[in-house]
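Observations on the model geometry
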Amino acid sequence: MPKLLHVACSPRADSESASGARVFLEAFRKARPDWEVDAMNLWRDPLPDFEGYLLEAKYSRIGGKSFTDSQRDAFAVAERLALRLSLADRVLISTPMWNFGIPYKLKQWLDVIIQPGLTFRFDSVQGYLPLLKDRPTVVILASGSDFVTGMNRGRIDMATPYLREVLRFIGISDISFVPIGPTTGPADPIRAAREAAHRRLTEVAARF
């Protein structure tokens, strides 16, 4: 059965990014009722801290050394998380923008799965090479400012270029970003931005 992995990155069930994800998934399930949706909530699903034996395992791998039993057990957790991504035929990431970037839980997930020999490798001639196959990916990015029309109040979007580059690093380049914003301020612009984003998400999901 083909699979869509949904990585939910907001701690609030009623957030704009979560609301956008619900709109997307409703349209997606109608268009592809035979697909499985693997829901990963980064605030409920356990994520290991990137320290201790997991950190040691990374540097053992880089140095060409064998894992100890403790390092192997720690690295197995990262392998299972990366496997959920590698088995997905499509990916949906729904996230807020925090302090111009991404929530620390999303960064933690990326730091855990981006490991040598797991999602990338290094070649002495070609340099860093991705190990994952490309797959269509949608990123819903909700922000307090309006990055669609340019009325961003002087704020900078560092989340979009970061996510585009870090996913490309492991092999995922087919990415569509759907911004939702502004999410703060007067009610009318918030409502207009939400409705426009939801229309686009419905359209994207129907052909995703």
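Nothing here was measured: the structure is a model prediction, and the numbers come from that model.

Our next topic: the pairing of strand 5 (residues 127-130). Where strand 4 (residues 120-123) meets strand 5, 4 bridges bridge the pair, whose relative direction is antiparallel. Its bridge partner being in strand 5, F122 is matched across the sheet by Y128. Joining the antiparallel neighbours strand 4 and strand 5 is a turn of 3 residues.

Here we take up the sheet that holds strand 1 (residues 3-8). Read from one edge to the other, the open sheet built from 5 strands follows the order 2-1-3-6-7, with strand pairing classed as parallel. Both outer strands of the open sheet, strand 2 (36-41) and strand 7 (175-180), are each paired with one neighbouring strand and no more. Taken pair by pair, the neighbouring strands of this sheet meet at an average axis angle of 15 degrees, ignoring direction. In the sheet, strand 1 pairs with strand 3 (residues 90-96) via 5 bridges, with the strands oriented parallel. Considered in strand 3, the bridge of A8 is made with S94. Strands strand 1, strand 2 and strand 3 of the sheet are contacted by helix 3 (residues 69-86), whose axis makes an angle of about 140 degrees with strand 2. Most of the contacts of helix 6 (residues 187-207) go to strand 7, to which it runs at about 155 degrees, and overall it touches strand 6 (137-142) and strand 7.

Attention shifts here to the packing of helix 1 (residues 16-31) against helix 6. Where helix 1 meets helix 6, the closest approach of the two axes is 8 Å, and the angle between their N-to-C directions is 30 degrees. As far as their axial angle goes, helix 6 and helix 1 are roughly parallel. Viewed along their axes, helix 1 and helix 6 form a crossing whose handedness is right-handed. Packed against helix 1, whose contacting residues are E16, S19, G20, V23, F24, A27, F28 and A31, the element helix 6 presents I190, R194, H198, L201, T202, V204, A205 and A206 at the interface. Across the contact of helix 1 with helix 6, the residue classes tally to 10 nonpolar, 4 polar and 2 charged.

Moving on, we come to the environment of V178. You can see V178 is positioned in strand 7. Spatially, the C-alpha atom of V178 lies 16 Å from that of E165, the residues being 13 residues apart in sequence. Discounting residues that sit within four places of it in the chain, V178 has contacts with V138, V139, I140, L141, A197, R200 and L201.

L42, L85, I93, L106, W109, L110 and L163 are the most contacted members of the largest nonpolar core, which totals 39 residues. For this core, the secondary-structure elements that each account for two or more residues are strand 1, helix 2 (52-62), helix 3, strand 3, helix 4 (104-113), strand 6, helix 5 (159-170) and strand 7. In this structure I93 touches V7, C9, L106, V138, V139, I140 and L167, once residues within four positions along its chain are discounted. Core analysis: the next-biggest nonpolar cluster, separate from the first, contains 19 residues, L4, F24, A27 and A142 among them.

For the structure on display, the rule yields 10 salt bridges. Notably, a salt bridge pairs D188 with R191, separated by 2.3 Å at the nearest N-O pair. Here D188 pairs with R191, and both are found in helix 6, just 3 residues apart, close to one helical turn. Residue class for D188 comes out exposed when judged on its relative accessible area of 52%. Judged by its relative accessible area of 38%, R191 is partly exposed. Three or more residues joined by partner-sharing salt bridges are found here, namely D38, D45 and R84.

Among the surface-exposed residues, L55, Y59 and I62 lie close enough to one another that they form a single nonpolar patch of about 300 Å² accessible area. Assignment of secondary structure puts Y59 in helix 2. Classification of Y59 as exposed rests on a relative accessible area of 53%.

The next thing to look at is the packing of helix 2 against helix 3. One can describe the packing of helix 2 onto helix 3 by two numbers: an axis separation of 8 Å at closest approach and a directional angle of 95 degrees. Relative to helix 3, the element helix 2 is oriented roughly perpendicular. Residues Y53, L54, E56, A57, S60 and R61 of helix 2 form the contact with helix 3, whose participating residues are S70, Q71, A74, F75 and A78. For the contact of helix 2 with helix 3, the class distribution of residues is 6 nonpolar, 3 polar and 2 charged.

Thresholds applied
- Residues numbered from 1 in each chain as written.
- Predicted model: local features only at pLDDT ≥ 70, side-chain atom pairs only at ≥ 80, totals over all residues.
- Heavy atoms only, no water.
- Pairing = 2+ DSSP bridges.
- Helix = DSSP H or I, 4+ residues; strand = E, 2+ residues; numbered from the N terminus.
- Axes fitted to C-alpha atoms, helices over the stretch in contact; angles between N-to-C directions.
- Contact = heavy atoms within 4.5 Å.
- Parallel < 35°, antiparallel > 145°, perpendicular 65-115°, else oblique.
- Left-handed = near helix turned anticlockwise from the far one by under 90°.
- Nonpolar A, V, L, I, M, F, W, Y, C, P; charged D, E, K, R; others polar.
- Core = buried A, V, L, I, M, F, W, Y, C linked by side-chain atoms within 4.5 Å.
- Buried < 20%, exposed > 50% of the residue type's maximum accessible area, 1.4 Å probe, protein only.
- Salt bridge = Lys/Arg side-chain N within 4 Å of Asp/Glu carboxyl O.
- Patch = residues over 30% accessible without salt bridge, like charges linked within 9 Å, V, L, I, M, F, W, Y side chains within 5 Å.
- Areas by Shrake-Rupley, 256 points an atom, 1.4 Å probe, with all protein chains shown as cover.

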